[in-house]
Amino acid sequence: MAPRPYWKGYLKLSLVTCPVAMTPATSENEKVRFHTLNKETGNRVVSQYIDSVTGKRVKEENEAKGYARGENDYVILTDDDLDTVALDTVRTIDINTFVPRKSIESVYLEKAHYLMPDDPIGQEAFAVIRDAMAADNVFGVSKLVAGRRERAVVLEPRGEGIVLWTLRFGNEVRPEDAYFEDIDDESDPEFAPLVQQLIKQKTKPWSPTMVTDPIQEGLLAVIEEKKKALKPRKTAKGKKETAPASNVINIMDALRKSVEAELKSKKGAAR
C-alpha cells in the first residue's frame, strides 16, 4: 500500500493544469534508531529546552524562532510572521523552463519524490505533460515551497509517473576546481587497456542489493543477541512483564466461544 502523500497541489504547464500528490521516494523507517536512556534505571530520558540565562525550563507556548543579528541579540519571528511570507508556489508547481536531461549535474540533485495525479479527471493532463517531456528527453524546471522554503525542483518523467527532485541551491554546492586543480589531467596510456579490461570484468547490471548497509545488518544482529539474553523486566509490583496476548488469538477465541454458545442455545431451544 502506497504511503499517504505529504503534499498536494497542482501541476501547471501554461494553460494545462492538473491536481497532483507528492510523497518522498525514499524512506528511513528501516534504519536502526536508538533512544537515550538512564543507564542506571533503564528509563527513557526526556529532552527539554532550558533558558541559557535563567536556567529554567521554557514552556512550549513560549518557544519561538530567532534570527541572530549580533551576539545575544535576536530578531524573534512568530508563526504568524512566517505565515505572512506567502508564495504562489505553496500549492502550484508551475513548469516555466525545460532543460536537456543530461545537462543537470548530479551534485545538484538533493532528494527524490514521486509525483502522481490526485484526481481521475486530471490523469490525461498529467500524462500529456509526462509524455511530452519523455519524448523530448528533457526535465521540467519549477519551484516549490517545502518546509517554509522555496526550493528549485526538476521534474523527470519516469514510467507512468514523474520523479520530482529538489535541487541544492547554487551557493550550497562547492566549486570542484578548488579540489581537483592539482590532480593530473592525463594518465599513463599504457595502463588504460588494463583498467578498461578490469572494468569490463566487474561490470554488472544495476541492482538495489549493491547498496545494502552492513552496519545496519550488524547492529540488528547485535540487538537480536541482546534480546535473547535479556531477562523479562519486572513491573513496579515485582511481577514480571508478560507479552500481551495477540488480538488475533483473542478474537478467534471469542468467535469460537460465540459459535459454541449459539449452538448450545439452539439445542436448548429445540428441546
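For the structure, check the block above.
Residues numbered from 1 in each chain as written. Predicted model: local features only at pLDDT ≥ 70, side-chain atom pairs only at ≥ 80, totals over all residues. Heavy atoms only, no water.

> With reference to specific residues and values, describe a nonpolar patch on the surface.
A contiguous nonpolar patch, built from Phe191, Leu194, Val195 and Ile199 and spanning about 400 Å² of accessible area, is present on the exposed surface. Of note, valine 195 is situated in helix α4 (residues 192-202). (Patch = residues over 30% accessible without salt bridge, like charges linked within 9 Å, V, L, I, M, F, W, Y side chains within 5 Å. Areas by Shrake-Rupley, 256 points an atom, 1.4 Å probe, with all protein chains shown as cover. Salt bridge = Lys/Arg side-chain N within 4 Å of Asp/Glu carboxyl O. Helix = DSSP H or I, 4+ residues; strand = E, 2+ residues; numbered from the N terminus.)

> Now, about the pairing of strand β9 (residues 149-158): what can you tell me, with residues and values included?
Bridge analysis of strand β8 (residues 138-146) against β9 gives seven bridges, and the strand direction is antiparallel. Among the inter-strand pairings, lysine 143 is bridged to a residue of β9, identified as alanine 152. Examined bridge by bridge, β9 and strand β10 (residues 161-167) share six bridges and lie antiparallel to one another. The partner of leucine 155 across the bridge, within β10, is leucine 164. With antiparallel pairing between neighbouring strands as the criterion, β9 and β10 make up a hairpin whose turn holds two residues, including glycine 159 at a positive phi of roughly 60°. (Pairing = 2+ DSSP bridges.)

> I'd love a proper account of the pattern of salt bridges, names of residues and values included.
Here the structure, examined in full by the defined rule, presents seven salt bridges. Ionic pairing is found between glutamate 110 and arginine 151, a salt bridge with its closest N-O pair at 3.0 Å. Highlighted residues: glutamate 110 in strand β7 (residues 109-117) and arginine 151 in strand β9, separated in sequence by 41 residues. Exposure remark for arginine 151: the relative accessible area of 10% places this residue in the buried category. Measuring nitrogen to oxygen at the nearest pair gives 3.8 Å for the salt bridge that ties arginine 130 to glutamate 160. Of this pair, arginine 130 sits in helix α2 (residues 123-136) while glutamate 160 sits in the loop between β9 and β10; the two residues are 30 residues apart in sequence, bridging distant segments of the chain. Judged by its relative accessible area of 66%, glutamate 160 is exposed. Residues participating in the shared-partner salt-bridge network are Arg101, Glu156 and Arg158. (Buried < 20%, exposed > 50% of the residue type's maximum accessible area, 1.4 Å probe, protein only.)

> Could you give me a rundown of the environment of glutamate 124, with the residues and numbers involved?
When you line up the elements, glutamate 124 lands in helix α2. A C-alpha to C-alpha distance of 8.6 Å links glutamate 124 and cysteine 18, two positions 106 residues apart in sequence.

> Tell me about unusual backbone geometry, residues and numbers included.
One can expect most non-glycine residues to show negative phi and most peptide bonds to be in trans. Located in the positive-phi region is serine 14, a residue other than glycine, with phi close to 60°. Structurally, the position occupied by serine 14 is in the loop between β1 (7-13) and β2 (16-24). Its identity is not glycine, yet asparagine 72 carries a phi of approximately 55°, on the positive side. Inspection of the secondary structure assignment puts asparagine 72 in the loop between β3 (65-70) and β4 (73-77). Accessibility expressed as a relative area gives 68% for asparagine 72, which makes it exposed.

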